[in-house]
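# Inside the fold
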Amino acid sequence: MNLQVKSFEEYQDVYNYSLSEPEKFWAEIAENFLWRKKWDQVLEWNFKEPQIKWFLGAKLNITENCIDRHLDTLGDKPAIIWEPNDPEEDHRILSYKQLHQKVCQFSHVLQNNGVKKGDRICIYMPMVPELAIAVLACARVGAIHSVVFGGFSAQSIADRIVDAECSLVITSDGGFRGNKETPMKSVIDDALVQCRSVKKVIVLTRSRTPVSMLKGRDVWWEDEVRKVETNGLTDFPAVEMDAEDMLFILYTSGSTGKPKGVVHTCGGYMVYTGYTFANVFQYQTGEVHFCTADIGWITGHSYIVYGPLSQGATALMFEGIPTWPDAGRLWNIVQKFKVNILYTAPTAIRSLMGYGDGPVAGKDLSSLTKLGSVGEPINEEAWHWFDDKIGHNKCPIVDTWWQTENGGLMISPIANVTPTKPGYATLPLPGVQPVLVDENGKEIEGNGVSGNLCIKFPWPGMLRTTYGDHERCRTTYFATYQNMYFTGDGCLRDEDGYYRITGRVDDVLNVSGHRIGTAEVENAINMHSDVVESAVVGYPHDIKGQGVYAFVVCPNMHGNDNLTRKDITMTVSRIIGPIAKPDKIQFVSGLPKTRSGKIMRRILRKIAEGDTENLGDTSTLLDPAVVEEIKAGAL
Ligand code: 6R9
């Protein structure tokens, strides 16, 4: 079966086929990929344990699919275009042949440093081509990568390294983002004080920040590559993997406790990212695809690295930020490289919108043919601005709903196929079976309804487990509703059957498209020595979508309010990372609790939203007076 549908009628036919014959459908899709050995069975599953296996018995290496199979036909074509943070610095282009050579060399480096199939490798790097090379080299040698976003703190990195028992870390001296230079190796040094499993650290030179290199543990990327070059080694035969062998772990926040390591496997993830990339973006050979996400998030994994490369696409990778040196940066990049597909986030659109039309004026955006949005609900104003000013009303916008756990796009228009509607992710992709359920887990049928979004049948890109703790996977995703995967999102289905995601229904915030667990932020705030307890909720924020609002009990604070606010912010930054810093901190004498001691977050959420008229039933509160005080002091 062709990966791309070409009309809405064809979409409907294929969708119906994927419902009635899911295994046949996915087998036909999987035929479009490179396997060393095909599957004996397409699918084995139950959502009880859960146990999900796709393409059983199949053998492959995803990098042969993403690189080797294109060498004959596209060898000299650009695989990765890299635009540095500083527009004055030269950009780089890696052809498929060059990418192949670099991935092979670095695979040797990994092997020379003791890496074996199944080992876990932590990658903490800036957005440079070597990050993609490191990811692909791990996959080529059969090691499991765990990429940690460059904005996370030493403590967060340490938690992730310990959880996955990583044996090696790949990092750089430092990185550039906007007018900031951020250290990376020194952050890793701080993290590794707590990590006994790590035997080696490979350090790339990027910012030339001074670093301390430990004898026997730390080696330079360039030195290691030079050794391989001196030995004249060019090819590295990819290690054969089973379809269900782990490909990577990516940590993401949930509603409780520490982030969990979402596990994706080789075969299903390859098929799902390649298929959704080709179909939703209707990628045509030669087009330049620019996804503005960081590879530290799932969007970068699936739609900068694996999805585009598996389809022989040209992926543009950008080191910097959209507002530096000025708010015209993305448009300059589009113009410079004649970008065809621009895939970005509502938070970026809203932020750029705030600078007015000036930075867009005079920029040649005529190369653009398709636009995409991901990470959070897109408001209508931002949708229309994107459509008018950037797409000049001729580029379809694909508002793609999906999650780290899903591996790839789930509910989304198909470019030039599905009629779009502002604010709507529209319809499920072939193979995806969404359902809305009420609090009791009863399916809500028909249109013009809303409920909690679940998926009732497996798809190849879905998570298989949470690393080292399968029970957590079961309770988080498969225990709320029987025989369904629960997304944690609320959703409505309009009269046309179109889906609109309304946001999280659990205690997870979405700040600038980043998932942040309120419990994680509370734990970090509570580590500050003056703090007795705290409660964190979200509130609507013009640019970030949601902001972080913290109610903090701090009866004997050391210094004044503002100093303590700064100290608490610093604590969160140190424990989690700057992305989780509270936007507002309100000191309160107590938190609204029920007689059984549960914090009534519903009330705090209302106060944070500024909706204090309508707090609902407060009769179960232990001390209703505290609510009046909090209302009076709201920020
Ligand atoms: C890919 C990614 C997942 C959460 C998800 C939902 C929100 C993502 C969205 C969207 C509305 C969209 N989300 N895409 N909400 N419309 N098009 O972002 O993964 O970081 O795991 O976040 O993001 O709430 O549950 P992840």
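See above for the structure.
The structure contained in this document is the topic of the report that follows. Treat the numbers as computed from the prediction; the structure is a model and nothing was measured. (Residues numbered from 1 in each chain as written. Predicted model: local features only at pLDDT ≥ 70, side-chain atom pairs only at ≥ 80, totals over all residues. Heavy atoms only, no water.)

With that settled, consider the overall build of the protein chain. Within the protein chain, the secondary structure is distributed over 19 helices and 30 strands. Taking 635 residues into account, the globule formula puts the C-alpha radius of gyration at 26 Å, and the protein chain, at 24 Å, falls close to it. In terms of principal-axis extent, the alpha carbons of the protein chain reach across some 75 × 60 × 55 Å. Sorting the 635 residues of the protein chain into buried and exposed places 60% on the buried side. Of the contacts made within the protein chain by residues no fewer than 6 positions apart, 71% connect residues no fewer than 24 positions apart. When the accessible surface of the protein chain is split by element, carbon and sulfur atoms take 48% of a total near 24,000 Å². Positive and negative side-chain charges in the protein chain, numbering 64 and 78 respectively, have mean positions lying 4 Å apart. (Helix = DSSP H or I, 4+ residues; strand = E, 2+ residues; numbered from the N terminus. Rg over C-alpha atoms; globule rule 2.2 N^0.38 Å. Buried < 20%, exposed > 50% of the residue type's maximum accessible area, 1.4 Å probe, protein only. Contact = heavy atoms within 4.5 Å. Areas by Shrake-Rupley, 256 points an atom, 1.4 Å probe, with all protein chains shown as cover. Lys, Arg positive; Asp, Glu negative; His and termini not counted. Charge placed at Lys NZ, Arg CZ, Asp CG, Glu CD.)

This part takes up the sheet that holds strand E17 (residues 314-318). Paired through backbone hydrogen bonds, the strands of a sheet run either parallel or antiparallel to each other. Spatially, seven strands are ordered E5-E4-E17-E16-E18-E19-E20 in an open sheet, and the strand pairing comes out mixed. Of all the strands in the sheet, the pair left with one neighbour each is strand E5 (92-95) and strand E20 (397-400). With strand direction ignored, the average angle separating the axes of adjacent strands in the sheet is 20°. Bridge count for strand E4 (residues 78-83) against E5 is four bridges, and the pairing is antiparallel. What sits directly across from Trp-82, in E5, is Arg-92. The strands that helix H11 (residues 298-310) touches are E4, strand E16 (288-291), E17, strand E18 (341-344) and strand E19 (370-374); relative to E16, the one it contacts most, it runs at about 165°. (Pairing = 2+ DSSP bridges. Axes fitted to C-alpha atoms, helices over the stretch in contact; angles between N-to-C directions.)

This part is about the sheet that holds strand E24 (residues 485-493). Strands sit in the order E21-E22-E24-E25 across an open sheet of four strands; the sheet is antiparallel. Of all the strands in the sheet, just strand E21 (434-437) and strand E25 (499-504) have a single pairing partner and so form its edges. Across the sheet, the axes of successive neighbouring strands diverge by a mean angle of 45°, strand direction being ignored. In terms of strand pairing, strand E22 (residues 449-455) meets E24 through six bridges, oriented antiparallel. Across the sheet, the residue bridging to Ser-450 is Leu-492, located in E24.

None of this, on its own, says anything about what the molecule does.
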